[in-house]
Amino acid sequence: MSFLDNLENNLKSMENAEQLRDEAERRGRSRDAERAEALAAAPYAEELKKGPFTAGLLQQAARIGFSMRTKVHIAWLGNTLRLEARDRRLELRPTPTGVVAAYLEEGRDARVEPLDLAGDPAALVRTWLAS
């Protein structure tokens, strides 16, 4: 190997090390931001999982779905509660500012609105299934 080849390899190694370091810093900042968001949303996630609104929502979804002759599928995806009936989906997502109700169509958010956990779960179910 000549001196120039050796020098070129050293420069490439330094550039690659710098890029890897920058990427690691970016991932670290991203991970920290996600963690901070999850910590800020934790009280709302806990309220969503264990609160009376969710119990009432599941009860009303089953009752209204039965009256419409529709099976309502319920699933927890992490801290997100997903309800599916026919081609309709509703996700309740905790955020740092509260819980939002996301109405999904074809896998994308059609409408997202804040949700009051002190409100009426039956009204939410009727709005979701009527849309």
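Sequence order as written defines the numbering, with residues in each chain counted from 1. Residues qualify for local features only when their pLDDT is at least 70, as the model is predicted, and side-chain atom pairs are given and counted only at 80 or more; totals for whole chains, interfaces and linings, by contrast, use all residues. Each side-chain value is worked out from all heavy atoms of the structure, with water and hydrogens disregarded.

**Section: the nonpolar core**
This is how it is decided: Here the nonpolar core consists of buried residues drawn from Ala, Val, Leu, Ile, Met, Phe, Trp, Tyr and Cys, with membership extended through side-chain atoms lying within 4.5 Å. The buried label goes to any residue with under 20% of its type's maximum accessible area, the exposed label to any with over 50%, and the partly exposed label to all in between, with areas taken from a 1.4 Å probe on protein chains only. Note on conventions: DSSP H or I runs of at least 4 residues are helices, E runs of at least 2 residues are strands, and numbering of each starts at the N terminus. Contacts: residue pairs with any heavy atoms within 4.5 Å of one another.
The biggest cluster of nonpolar side chains holds 20 residues, and the ones touching the most others in it are L57, L90, L92, L124 and W128. Looking at this core, the elements with two or more residues in it are α2 (52-67), β2 (80-85), β3 (88-95), β4 (98-105) and α3 (121-130). Among all residues touching L90, those that are not within four sequence positions of it are L81, R82, L83, A101, A102, Y103, L124 and W128.

**Side note on the environment of R69**
Structurally, R69 is set in the loop between α2 and β1 (72-77). Note on R69: relative accessible area 77%, which makes it exposed. The spatial distance from the C-alpha of R69 to the C-alpha of L129 is 12 Å, given a sequence separation of 60 residues.

**Some points on the packing of aromatic side chains**
How two aromatic rings sit relative to each other is given by the distance of their centres and the angle of their planes. Put simply, the rule reads: Pairing of aromatic rings covers Phe, Tyr and the six-membered ring of Trp, with a centre-to-centre limit of 6.5 Å; geometry is then stacked below 30 degrees between planes, edge-to-face above 60, and tilted otherwise. When the NZ atom of lysine or the CZ atom of arginine is within 6 Å of a ring's centre and also within 35 degrees of its normal, the charge is said to sit over that ring.
Considering all chains together, one arrives at zero aromatic pairs under this definition. Over the aromatic face of W76 sits the side chain of K49, whose NZ or CZ is 5.8 Å from the ring centroid. For R111, the ring lying beneath its charged end belongs to Y103, and the centroid distance is 4.0 Å.

**Some points on helix α1 (residues 3-50)**
For an α-helix, 3.6 residues make a turn, and residues three or four places apart therefore share a direction. Test applied: Helix span, as expected, comes to 1.5 Å for every residue beyond the first.
Compared with an ideal rise of 1.5 Å per residue, which puts 48 residues at 70 Å, α1 spans 68 Å between its outermost C-alpha atoms and is within 8% of the ideal. For α1, the set of buried residues is G28, A41, A45 and L48. Those residues of α1 that are buried lie in contact with α2, β1, β3 and β4.

**Quick notes on the side chain of T80**
Its place among the elements puts T80 in strand β2. Its relative accessible area of 17% is what places T80 among the buried residues. The contact partners of T80, leaving out residues within four places of it in the chain, are A75, E91, L92 and R93.

**Looking at the side chain of E91**
Basically, it comes down to this: Any N or O atom pair separated by 3.5 Å or less is treated as a polar contact, with the protein-specific requirement of one donor-capable and one acceptor-capable atom, and with residues adjacent in sequence counted only for side-chain atom pairs.
Secondary-structure assignment places E91 in strand β3. Of the polar contacts made by the side chain of E91, one reaches the side chain of R93; its length is 2.8 Å. Setting aside anything within four residues of it in sequence, one finds E91 in contact with L77, T80, L81, R82, V100, A101, A102 and L104.

**Section: the pattern of salt bridges**
For side chains of opposite charge, pairing can occur when their charged atoms come near one another. Stated formally: When a carboxyl oxygen of Asp or Glu is within 4 Å of a side-chain nitrogen of Lys or Arg, the pair counts as a salt bridge.
Going through the model one piece at a time under the given rule, you end up with 12 salt bridges. The partner of E8 in a salt bridge is K12, with the nearest N and O atoms 3.5 Å apart. Taken together, the residues span about one helical turn, with E8 and K12 both in helix α1 at a distance of four residues. Using a relative accessible area of 41% as the deciding quantity, one classes E8 as partly exposed. Ionic pairing is found between R26 and E23, a salt bridge with its closest N-O pair at 2.6 Å. Highlighted residues: R26 and E23, both in helix α1, separated by three residues, approximately one helical turn. The class for E23 is partly exposed, based on a relative accessible area of 33%. Connected through salt bridges with shared partners, the residues R82, E84, R89, E91, R93 and D109 form a single ionic network.

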